[in-house]
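Descriptive analysis of the structure
Take a look at the letters that make up each chain.
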Amino acid sequence: MIHINKMIVGIDVAKDSLVACAMDDQGEDVFYSYSVENNRPGCLKLINLIADNANLLQPDIIKVGMEATNVYWEHCYRLIKNHEKLNSNFKLQLYTVNPKVVSNFKKSYTDLPKNDSVDAWVIADRIRFGRVESSSSPEALYRALRQITRHKFKLAQQIKAEKTRALNLVFLKFSDFTQKSPFGTFTKASMALLENYTLREIVNTDVHELAEFLHQNSNNRLGGSTPIEKITTALKKATRNSYRLKPEIDQAITQTLSMTFDNIRFYQSQNKRLKRVL
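From a predicted model like this one, the values you see are computed outputs, not experimental measurements.

**Considerations on the overall build of the chain**
- In terms of regular secondary structure, the chain is built from twelve helices and five strands.
- Taking all 278 residues of the chain together, 41% fall into the buried category.
- Taking the intrachain contacts of the chain between residues at least 6 apart in sequence as the baseline, contacts between residues at least 24 apart amount to 64%.
- Carbon and sulfur atoms make up 50% of the accessible area of the chain, which amounts to about 16,600 Å² in all.

**A word on the confidence of the model for the chain**
- Of the residues in the chain, 90% have a pLDDT of 70 or more, and the chain-wide mean is 87.
- Confidence, expressed as mean pLDDT per element, reaches its minimum in the chain at helix H4 (residues 99-106) with 80 and its maximum at helix H1 (residues 40-57) with 95.

**Brief notes about the pairing of strand S5 (residues 91-97)**
- In terms of residue burial, S5 counts as a mostly covered element, since five of its seven residues are buried.
- Strand direction decides the pairing type here: strand S4 (residues 61-67) and S5, joined by seven bridges, are parallel. Note that in S5 the partner of Ile61 across the bridge is Lys91.

**Overview of the sheet that holds strand S2 (residues 17-24)**
- If you trace the five strands from one edge of the open sheet to the other, you get S3-S2-S1-S4-S5, paired in mixed fashion. Across the chains shown, the open sheet's two edge strands, defined by having one partner strand only, are strand S3 (29-37) and S5. Strand after strand, the sheet turns through a mean of 15 degrees between neighbouring axes, direction not considered.
- Sheet topology places strand S1 (residues 6-13) next to S4; six bridges connect them, and they run parallel. Along S4, the bridge assignment pairs Val9 with Val64.
- Where helix H2 (residues 74-82) meets the sheet, it contacts S1, S2, S4 and S5, and its direction lies at approximately 165 degrees from that of S5.

**Some words on the pattern of salt bridges**
- One pass over the structure, following the stated rule, counts six salt bridges.
- Its salt-bridge partner being Arg78, residue Glu74 comes within 3.3 Å of it at the nearest N-O pair. Taken together, the positions of Glu74 and Arg78, both in helix H2 and four residues apart, correspond to about one turn of that helix.
- You can call Arg78 partly exposed: its relative accessible area is 24%.
- The partner of Glu162 in a salt bridge is Arg165, with the nearest N and O atoms 2.5 Å apart. Of this pair, Glu162 and Arg165 both sit in helix H6 (residues 140-173), separated by three residues, roughly a single helical turn.
- Salt bridges sharing common partners tie together Glu195, Asp262 and Arg265.

**A word on the environment of Lys6**
- Residue placement: Lys6 occurs in strand S1.
- Taking the C-alpha atoms as reference, Lys6 lies 8.9 Å from Gln26; in sequence the two are 20 residues apart.
- Once residues within four sequence positions are removed from consideration, Lys6 is found in contact with Met23, Asp24, Asp25, Pro59, Ile61 and Lys63.

**Some thoughts on the packing of H1 against H2**
- Two elements in contact, H1 and H2, have axes separated by 10 Å at closest approach and are oriented at 45 degrees. The pairing of H1 with H2 is recorded here as oblique in orientation. Where H1 crosses over H2, the two elements pack in a sense that is right-handed. Two secondary-structure elements touch here, H1 through Arg40, Cys43, Leu44 and Ile47 and H2 through Cys76, Leu79 and Ile80.

**Brief notes about the side chain of Gln93**
- Positionally, Gln93 belongs in strand S5.
- Gln93 sits in the buried class, given a relative accessible area of 19%.
- Polar contacts involving the side chain of Gln93 include one to the side chain of Tyr95, which spans 2.8 Å.
- Gln93 has contacts with Ile61, Ile62, Lys63 and Val64, leaving out every residue within four places of it along the chain.

**A look at the pairing of S4**
- Buried residues dominate S4, accounting for seven of its seven residues.
- Residues Ile61, Lys63, Gly65 and Glu67 point to one face of S4 and Ile62, Val64 and Met66 to the other, with burial holding for every one of them.

Parameters at a glance
All chains use their own residue numbering, which begins from 1 and follows the written sequence. Only residues with pLDDT of 70 or above have their local features reported here, since the model is predicted, and side-chain atom pairs are shown and tallied only from 80 upward, although totals for entire chains, interfaces and linings are computed over all residues. By convention in this description, side-chain values take in all heavy atoms of the structure and omit both hydrogens and water. We count a stretch as a helix when DSSP gives it H or I for four or more residues in a row; a strand needs E for two or more, and each element gets its number in order from the N terminus. Throughout, exposure labels follow a simple rule: accessible area from a 1.4 Å probe, protein chains only, divided by the maximum for the residue type, with under 20% read as buried, over 50% as exposed, and the rest as partly exposed. Only heavy atoms matter for contacts: two residues are in contact if any of them lie within 4.5 Å across the pair. Accessible surface is estimated by sampling points in the Shrake-Rupley manner with a 1.4 Å probe; for residues, cover comes only from the protein chains shown. The predictor's confidence in any single residue is recorded as pLDDT, a number from 0 to 100. For two strands to pair, DSSP has to find at least two bridges joining them. Between the N-to-C directions of two axes lies an angle of 0 to 180 degrees, each axis being a line fitted to C-alpha atoms and, for a helix, fitted only over the stretch in contact. A pairing counts as a salt bridge when a side-chain nitrogen of Lys or Arg comes within 4 Å of a carboxyl oxygen of Asp or Glu. For classification purposes, an angle smaller than 35 degrees is called roughly parallel, one larger than 145 roughly antiparallel, one from 65 to 115 roughly perpendicular, and anything else oblique. For any pair of crossing helices, the crossing counts as left-handed if the nearer helix is rotated counterclockwise from the farther one by less than a right angle, and right-handed if it is rotated clockwise. Here a polar contact is recorded for every N or O atom pair within 3.5 Å, except that within protein the pair must consist of a potential hydrogen donor and a potential acceptor, and residues adjacent in sequence are included only if both atoms are side-chain atoms.

Quick look at the structure:
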């Protein structure tokens, strides 16, 4: 049976630092506790150290594993993966290890030293024992699409949460609005009305003045085939049937509602920007 010599490198990744340990396939240390900054110059120092030791050991394979901590591993991973010093003379295999795997594997040791290099050593030893799948980082195009898609999903969640919050506030301010209003709660006209009028003002405002306000705040599109007078009549009826609030409570709810609407407008504008990118 042909024996394959291996050099195994474990890298503990943090936002500001990379701590590396290396061992041979017998578990003997090649180097231990080498710490550099998590930036390009720091990673290049680490690559040079790996290459220098590999030139001495002449392993058949270099296995490099790192903890997939947040996004802090990605730059280091790509730089190691594509650097000619490691790829031109050696067979290079890269691994990303889930932090939970590292944590659980550490529990099998009873006499580990308590220092910053332990995780790097454990990562290397875990890879030495095998049953860790080699990995790859997403290609640039897919990484960019994933980033944008995740942000789009987050925006959708934020819009949904803000709309739920707004509907609760609308009920407190104008209890019959969502059920009896002749137009949607989150149209421009609706939000402008809820931000600028109290229930008393809606009831007391002249129908034509109210219609003009709604018309101006709907980009002249309110109503469609429904006459504006019918809309204002339905709105006044919903207003009369709603619960009344004390002025100071109404003012506080209106202010909070207005800021919630601002959040919705902002997130929707961000969503439009993403659609242009996609």
